Amino acid sequence: MKFTDLPSDVVDRILISISDFQTLSASLRTSKRDIYDIFQARPKSIVQIIAYNITGPTLAQALRVASMQRLPEFLFTSSQDIHNRVADEAHAIEKLLTRDNIEALIQNANVVSKLEDVFSQRYKDRKSAKSTLSCAESERFHRATYRIWFLILLQERVPAHEARDEILKVAEDLNHAELLEMDRVRVFFQELYSWSHVAEFEQLSTLRFDARPDQVLQAFEEFNTLPFEEYRQDDAPAHINDALNDVWCKRHRCLVVKGIQLWGASNWDLLRGYISNEIFILFPGYLRNSLVEIQPFKERIRERDDDLEPTLSFSRLLEELFDVDAEADEDWDKTQWYCIDCLRTFLKHRLWRLLLQWKLQEPNYQPKRDCWYGYDCRTQTHRLMHAQRLNHLCVPTRGDPAPFDND
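Looking at an unreviewed UniProt entry, the protein carries the name F-box domain-containing protein, with the source organism given as Somion occarium.

**Focus on the nonpolar core**
If you look at the biggest cluster of nonpolar residues, it comprises 63 residues, and the most contacted ones within it are L15, M68, L115, F141 and L154. Here the element with the most residues in this core is helix α9 (residues 135–157); it accounts for 10 residues. Every residue in contact with L115, bar those within four places of it in the chain, is listed here: F141, F188, F189, L192, P213, V216 and L217.

**Structural notes on the environment of A163**
In this structure, A163 sits in helix α10 (residues 160–172). A relative accessible area of 2% means that A163 is categorised as buried. Distance in space between the C-alpha atoms of A163 and L151 is 9.6 Å, their sequence separation being 12 residues.

**Thoughts on helix α5 (residues 59–69)**
Among the 11 residues of α5, 10 are classified as buried, and the element is accordingly described as predominantly covered. Every buried residue of α5 is listed here: L59, A60, Q61, A62, L63, R64, V65, A66, S67 and M68. In the core, the buried residues of α5 are packed alongside α4 (43–55), α6 (79–83), α7 (92–96), α8 (99–123) and α9.

**What about a negative patch on the surface?**
A cluster of acidic residues, E299, E303, D305, D306, D307 and E309, forms a negative patch on the protein surface. Summarising the element assignment, D307 is placed in the loop between α15 (295–302) and α16 (314–323).

**A word on the packing of α16 against helix α17 (residues 340–361)**
Contact geometry of α16 with α17 gives a least axis separation of 9 Å together with a crossing angle of 85 degrees. It follows from the interaxial angle that α16 and α17 lie roughly perpendicular. Residues L317, L318, E320, L321 and F322 of α16 form the contact with α17, whose own contacting residues are L343, F346, L347, R350, L351, L354 and W358.

**Some points on unusual backbone geometry**
Apart from glycine, the bulk of residues carry a negative phi angle, and the bulk of peptide bonds sit in the trans form. The phi dihedral of L308 is positive, around 65 degrees, even though this residue is not glycine. By secondary structure assignment, the location of L308 is in the loop between α15 and α16.

**Some points on the pattern of salt bridges**
Considering all chains together, one arrives at 18 salt bridges under this definition. Linking E89 and R147 is a salt bridge whose minimum nitrogen-to-oxygen distance equals 2.9 Å. Remark: R147 occurs in helix α9 and E89 occurs in the loop between α6 and α7; sequence separation between them is 58 residues. With relative accessibility at 26%, the residue E89 sits in the partly exposed group. Here R147 ties to E178 by a salt bridge, and the two come within 3.2 Å at their closest N and O atoms. One end of the pair, R147, is in helix α9; the other, E178, is in helix α11 (residues 176–199), with 31 residues separating them in the sequence. A network of salt bridges, in which partner residues are shared, links E156, R157, R212 and D214.

Reading the values: rules and limits
Residues numbered from 1 in each chain as written. Predicted model: local features only at pLDDT ≥ 70, side-chain atom pairs only at ≥ 80, totals over all residues. Heavy atoms only, no water. Core = buried A, V, L, I, M, F, W, Y, C linked by side-chain atoms within 4.5 Å. Buried < 20%, exposed > 50% of the residue type's maximum accessible area, 1.4 Å probe, protein only. Helix = DSSP H or I, 4+ residues; strand = E, 2+ residues; numbered from the N terminus. Contact = heavy atoms within 4.5 Å. Patch = residues over 30% accessible without salt bridge, like charges linked within 9 Å, V, L, I, M, F, W, Y side chains within 5 Å. Areas by Shrake-Rupley, 256 points an atom, 1.4 Å probe, with all protein chains shown as cover. Salt bridge = Lys/Arg side-chain N within 4 Å of Asp/Glu carboxyl O. Lys, Arg positive; Asp, Glu negative; His and termini not counted. Charge placed at Lys NZ, Arg CZ, Asp CG, Glu CD. Axes fitted to C-alpha atoms, helices over the stretch in contact; angles between N-to-C directions. Parallel < 35°, antiparallel > 145°, perpendicular 65-115°, else oblique.

Below is the structure:
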């Protein structure tokens, strides 16, 4: 059977399995009457699938980079001019998959794939020059690389006085995991920069690192740091680094990146082996030594069922802590990941509120008048009658804070 005799649905399947546009073009030229007519029946969807074959799941991010590359530097008088030309990630495939962007898309995908090979050999399998990253790992690397690339291009094109705010807007739309991805890839780029200096027998200089991925690859492949020269200036903007740090601080209280040493809903139960012994001293003020207030919490967290299993798992405890009513300025998100130090801060802010909530839910609970000194009251630690008569699960309105509690 000749290729031209194949059913149209089979030819369609062959077209969408093509891995690049050069092969597609050659295929269409072989038979304009048959293959070309099938392609013309749905050209946009076939082109989109082939573009996906090139970039994988990060097509939207890749298209935004390709589109931004076609915009001249320092031409626009406002950031809105750029937004009118470059769609956001949600609409990028629909609006940016054009003939003009395809060439850059292909070149950039080659750059990112080569960088992935280096990353994989450096951090996963030193014996393989080709990437051995899993599909999920590869997607995360590509996504972070394209986003870094986009931010650098954005910084080069928006008016200087708007650059930082525009980059901050992009960073604020990213979740915790995506910020970590970008931070990890940027550290990798910095390591390649350092490697290029050593390979070139140059003295390492300080760099505010906002070099594009294609420049990083060029320096690595050519043992040449010239691509970085324009980024060595002392007055070079550091908007990307500042924006990512600002978002990190706002969400997570600290800038310490601890890799897998982070805690989220999927591993909350493991916290029992890390903070069980100290959880009682994480109550603020003098609550930790209260004759009355903290005892119900101790009983509940230590309670076991007939099979000697804890009746209150740490997963359930953390779930309740995240759901408890708190002050409006507290910004904790149970879908995010936190280091152990940030979680300690979280517990100090929430444990006493959760204990109060448990008390209010008791059917026979009789409300008590708040002690003026709240959880900072010393008397609750040595006068049982005072501790029983007043509520100390409240914010102090008088007195000084406990000397060992600075939070």
